[in-house]
Amino acid sequence: MSYPYQIKSLEEYQSAYKQSVEDPEGFWAGVADHFTWHRKWDKVLDWNFTGPEVKWFSGAQLNITENCLDRHLAERGDQPAIIWESNDPEEDHRVLSYKELHFKVCQFANVLKNNGIKKGDRICIYMPMVPELAIAVLACARIGAIHSVVFGGFSAQSIADRIQDAQASLVITSDGAYRGNKDIPLKSVIDDALVQCPSIKKVIVLTRTRVPVSMIKGRDTWWEDEIKKVETQGNPACPAVTMDAEDMLFILYTSGSTGKPKGVVHTCAGYMVYTNYSFVNVFQYQPGDVYFCTADIGWITGHSYIVYGPLSAGATTLLFEGIPTWPDAGRMWDVVDKFKVNILYTAPTAIRSLMGFGLDYVKNKDLSSLRVLGTVGEPINEEAWNWYNENIGKGRCPIVDTWWQTETGGILISNLAAVTPQKRSHATLPLPGVQPLLVDEKGEPIPGSDAAIDGPYHAKGDGTAGSGNLCIKFPWPSIIRTTYGDHDRCRQTYFATYPSLYFTGDGALRDEEGNYRITGRVDDVLNVSGHRIGTAEVENAINMHTGVVESAVVGYPHDIKGQGIYAFVIFNGNKTDEILISKDIVQTVARIIGPIAKPDKIQLVSGLPKTRSGKIMRRILRKIAEGELNNLGDTSTLLDPAVVEEIKNNRL
Ligand code: 7RM
């Protein structure tokens, strides 16, 4: 496969960027021409950010799985599409060629059809990182069912909320999951969730850990038995359902500043074009490269850059079931060595954690196959960047620092490996087609910060530096279309803060060369180990504990996780054993949201700093959590300033 739209030099980047601003429709039509369509578009783009309403490739018809599978069969049918490495280093790895993956996707799509699934139905997927997860995702897309993948670290309650919101009718799960030395009982979590989910008619259960599970008659069925049924039916083919460009492809829930996660909706054509375009350009994928993204498919990074982007590009994508620190902190480097990985894409939190184990775990690993390194999910600090660069890239691999969000569908700001300049701890430049700018609190543009007007790159450093809130002023093909079931929430959250702009929720700096440096969220969203968690969500969970009167949650800098979760809790019950109470509250959060949202610190307090109108002053709590005790700002407007002294004195 060749990628005629792959940018090969800084000059090509500059001219592609210019064209994408001057003639966005011509630009994206030029990219989209290289995909398989049942019917081409009537109009490349229709949009307004007030609705918002954004339509890419209106009138076009396609199926994304034909672009990820069928179109590769003739030329690269026997090449590996997915290489799977087990959690257990002793278990044999698996390789699925494009032919085999195509066969299995069709087969499982027929299973879904046998279970009554039709185009538009919602399917919840709660599975470990095994090839069948990718197969399940693609099988949904094959027949136009809308997948909603829920990360394996979420609790029964979180799953139930997501299933109810989407009114899903079928769940795909497994008996259990391996994660390091732990066995996680996925099916039993699903059973707990489904008590609250009358919309679910069927549960398909893959065998993985062979932990005993209870199967409910009429509702639950084994993956393997379902496959046997389609085998006896004879015809292994499954024609891809024709989808309109703007038909929904999937829902993925993500945290925001309110208590309830939002179902971010992506649609077929634009998402396909943009994930492929960004994959090929950012990582500079070359045919035959082995590409390894360490994310979980349960997050957007896995959707876009393990499954859809790489497969639509005919790439070899490595799927790893395990974790970087098990059986030891050399596991990731073992995997790179074993499969001669060329491109490695991981999270700063993983790098920081491995750094802490020292170089012994890197020493005897052959990392010479690596050509490109990437990071995603949070800002990367200079120390972690240096370590990654020196000890993994050996100073010869470009590092792409990729900034994007669940809502953006794909990477918006990043250097292109060895093509555009990298700058340590900077996401750097917007991809062609992406028009960022920074605005102040009032929404006034920061002079010199608008890439489309001021130019994306100033080689001589003659641009204008500035800082502000990061917005995007023009749609790109994989922009969020709606929040499932509540379009106004989408408008309110992303398009109402600054009229006619998409607001990212992030703050950023722009240097004189035009490089953006993302500094972090400016709203009440935490980023813990690259996972997005809303403070309100954690507070809601804490407040479910019977003894809790009220709570306030803030983030604080954490050496490995990036941010840690600090909870201030007013507790009403018997306070004789504070340690026990804290443990109990942590368990409550794990049960309500999942282990990923467990607070790192819980401080019992007698009151919270509030304004006279009753609003919690989080700014003060944040400062206390960060340890900036002498710099709390103006506390004179507080209802009860004494409470601040108490909180300061008992700080953990
Ligand atoms: C892909 C993903 C999105 C939030 C985003 C940022 C932060 C992501 C970077 C980053 C600095 C980066 N989707 N973020 N990438 N911050 N540099 N390269 O992570 O929806 O889960 O999170 O993550 O705050 O708004 S996400």
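Reference entry: report on the structure contained in this document.

Re helix 8 (residues 223-233)
One turn of an α-helix holds 3.6 residues; hence residues three or four places apart share an orientation. For helix 8, the full list of buried residues reads Trp223, Glu226, Ile227 and Val230. Buried residues along helix 8 cover an arc of 100° about the axis, so they all sit on one side. Close packing links the buried residues of helix 8 with helix 4 (98-114), helix 5 (131-143), strand 8 (170-174), strand 11 (202-206) and strand 12 (220-222). Among the residues trailing helix 8, Gly234 stands out with phi positive, at a value near 95°.

Some words on the side chain of Asp247
Tracing the chain through its elements places Asp247 in the loop between strand 13 (243-244) and strand 14 (248-254). Sequence-distant contacts of Asp247, defined by excluding residues within four places in its chain, comprise Lys119, Thr267 and Cys268.

A short note on the environment of Thr346
The topology assignment puts Thr346 in strand 18 (residues 343-346). Since its relative accessible area comes to 2%, Thr346 is described here as buried. Sequence-distant contacts of Thr346, defined by excluding residues within four places in its chain, comprise Thr294, Met332, Ile351, Gly374, Thr375, Val376 and Tyr388. Polar side-chain contacts of Thr346 include one of 2.8 Å to the side chain of Thr294.

Some points on the nonpolar core
Trp37, Phe57, Phe108, Leu112, Phe283 and Tyr308 are the most contacted members of the largest nonpolar core, which has 128 residues in total. Beyond its immediate chain neighbours, meaning those up to four positions away, Leu112 contacts Ile117, Ile123, Ala139, Cys140, Ile143, Leu170, Ile172 and Ile204. Ranked by size, the runner-up nonpolar core spans 43 residues in total, among them Val189, Val205, Ala541 and Val569.

Some words on the site of the ligand
Neighbouring the ligand are 17 residues; Asp401, Thr402, Thr406, Asp506 and Arg532 lie closest to it. Within the side chain of Asp506, one N or O atom sits 2.6 Å away from an oxygen atom of the ligand. Between an oxygen atom of the ligand and a side-chain N or O atom of Arg521, the distance comes to 2.9 Å. Starting from 530 Å² of accessible surface for the ligand in isolation, the protein chains cover 96%. If you list the elements that add at least two residues to the shell around the ligand, you get helix 10 (300-312), strand 20 (399-402) and strand 25 (516-521). In the shell around the ligand, the residues fall into 6 nonpolar, 6 polar and 5 charged.

Some words on helix 5
With 13 residues, helix 5 extends 19 Å between its outermost C-alpha atoms, agreeing within 8% with the 18 Å of an ideal straight helix rising 1.5 Å per residue. Taken from the residues just after helix 5, Gly144 is the one with a positive phi, measuring 80°.

Rules used throughout
Here the residue numbers are simple positions, counted from 1 along each chain's written sequence. Since the coordinates come from a predicted model, pLDDT governs what is reported: local features require at least 70, and pairs of side-chain atoms require 80 or more to be given and counted, while whole-chain, interface and lining totals use all residues. Hydrogen atoms and water are omitted, and side-chain values are computed over all heavy atoms in the structure. Remark: exposure states derive from per-residue accessible area (1.4 Å probe, protein chains only) relative to the maximum for the residue type, with buried under 20%, exposed over 50%, and partly exposed in between. Each helix is a run of DSSP H or I of at least 4 residues and each strand a run of E of at least 2, with the numbering of both proceeding from the N terminus. Working definition: the arc comes from the directions between the helix axis and the C-beta atoms, pointing outward to the latter. Residues count as neighbours in contact if any of their non-hydrogen atoms are within 4.5 Å of one another. Two N or O atoms form a polar contact when they lie within 3.5 Å of each other; inside protein one atom must be a possible hydrogen donor and the other a possible acceptor, and for residues adjacent in sequence the pair counts only when both atoms belong to side chains. Only buried Ala, Val, Leu, Ile, Met, Phe, Trp, Tyr and Cys residues count toward a nonpolar core, and they belong to the same one when joined by side-chain atoms within 4.5 Å. Each residue is tested against the molecule or strand, and it is near if at least one of its non-hydrogen atoms lies within 4 Å. Per-residue accessibility takes into account occlusion by the displayed protein chains alone, with areas from the Shrake-Rupley method and a 1.4 Å probe. Three classes are used, and their members are as follows: Ala, Val, Leu, Ile, Met, Phe, Trp, Tyr, Cys and Pro are nonpolar, Asp, Glu, Lys and Arg are charged, and the others, Gly among them, are polar. What a helix is expected to span follows from its residue count: subtract one and scale by 1.5 Å.

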